[in-house]
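Chain residues, written in single-letter form:
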Amino acid sequence: MAKKLCVILSLILINGCAASQSWVSHPTIQISDKTAFKAHLEPLTKDKNYFVAFRLTVFNKSAKPLTIDWNKTRYIHNDRNNGGFVFEGIDPKLMKNAAIPVEIIPAGKTLSKEIMPYKLLARGPFRDKNSKGGWHGIIPGIMPEGQNGARLVMRSDDQAVRFKINVTIEKRSTP
């Protein structure tokens, strides 16, 4: 009986002292302020304890429309190109053929969109809807530690503007 009590107490102590992990982002929202626009990039957990997506918000400060070229915009991890992004309402055929339409942001307006790195997705049949995220056939994957962000390609008056915006993600153990 004493042995059983010792084992039970040991298990309680071990489980009680076990560290859990949480993911943090530095900064929590990255802001890039340019002449024609202001961009915010915020990593999202989507009810997980790790990051799976970004909220990209672009404010068009110019008097002319801006466009985001999703076919050339890339997910960047530790300064390496890791493919494109997917988002709600995207047609799988367009993703496969790199024919995603550009996104137009009218003068003085704001675009806010949740985007996920395509390379990190777990994919199911597109006819199936992931009830938690509302994404057809798409289950977001874990963004790894390190610098995570986007290399955005935007156009104004047929001039391409390319810039990088990122955050640093790290795991922390909490007692």
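Our structure is the block above this text.
Residues numbered from 1 in each chain as written. Predicted model: local features only at pLDDT ≥ 70, side-chain atom pairs only at ≥ 80, totals over all residues. Heavy atoms only, no water.

Chemist: I keep staring at the overall build of the chain and nothing clicks. Help me out?
Modeler: Broken down by element type, the chain carries two helices and 16 strands. Buried residues in the chain amount to 37% of all 175 residues. Restricting to contacts in the chain with at least 6 residues of sequence separation, those with at least 24 account for 63%. Carbon and sulfur atoms make up 55% of the accessible area of the chain, which totals about 10400 Å². (Helix = DSSP H or I, 4+ residues; strand = E, 2+ residues; numbered from the N terminus. Buried < 20%, exposed > 50% of the residue type's maximum accessible area, 1.4 Å probe, protein only. Contact = heavy atoms within 4.5 Å. Areas by Shrake-Rupley, 256 points an atom, 1.4 Å probe, with all protein chains shown as cover.)

Chemist: For this particular structure, what's the right way to read the sheet that holds strand E2 (residues 30-33)?
Modeler: Note: strands within a sheet are paired through backbone hydrogen bonds, in either parallel or antiparallel orientation. Taken in spatial order, the five strands line up as E2-E3-E4-E10-E8 in an open sheet, and their pairing is antiparallel. On the outer flanks of this sheet lie E2 and strand E8 (85-87), each paired with one strand and no other. On average, each strand axis in the sheet is tilted by 30 degrees relative to the strand beside it, whichever way the strands run. (Pairing = 2+ DSSP bridges. Axes fitted to C-alpha atoms, helices over the stretch in contact; angles between N-to-C directions.)

Chemist: Can you help me understand the packing of aromatic side chains in this one?
Modeler: Aromatic rings in a pair are described by how distant their centres are and how their planes are angled relative to each other. Counted according to the given criterion, the structure contains four aromatic pairs. The interplanar angle of 75 degrees and the centroid separation of 6.1 Å between the aromatic rings of Tyr75 and Phe85 together place this pair among those described as edge-to-face. Note that Tyr75 is positioned in strand E6 (residues 74-77) and Phe85 in strand E8, a separation of ten residues in sequence. Here Tyr75 falls in the buried class, since its relative accessible area comes to 1%. Taken together, the ring pairs connect Phe54, Tyr75 and Phe85 into an aromatic cluster. (Phe/Tyr/Trp six-rings, centres within 6.5 Å; stacked < 30°, edge-to-face > 60°.)

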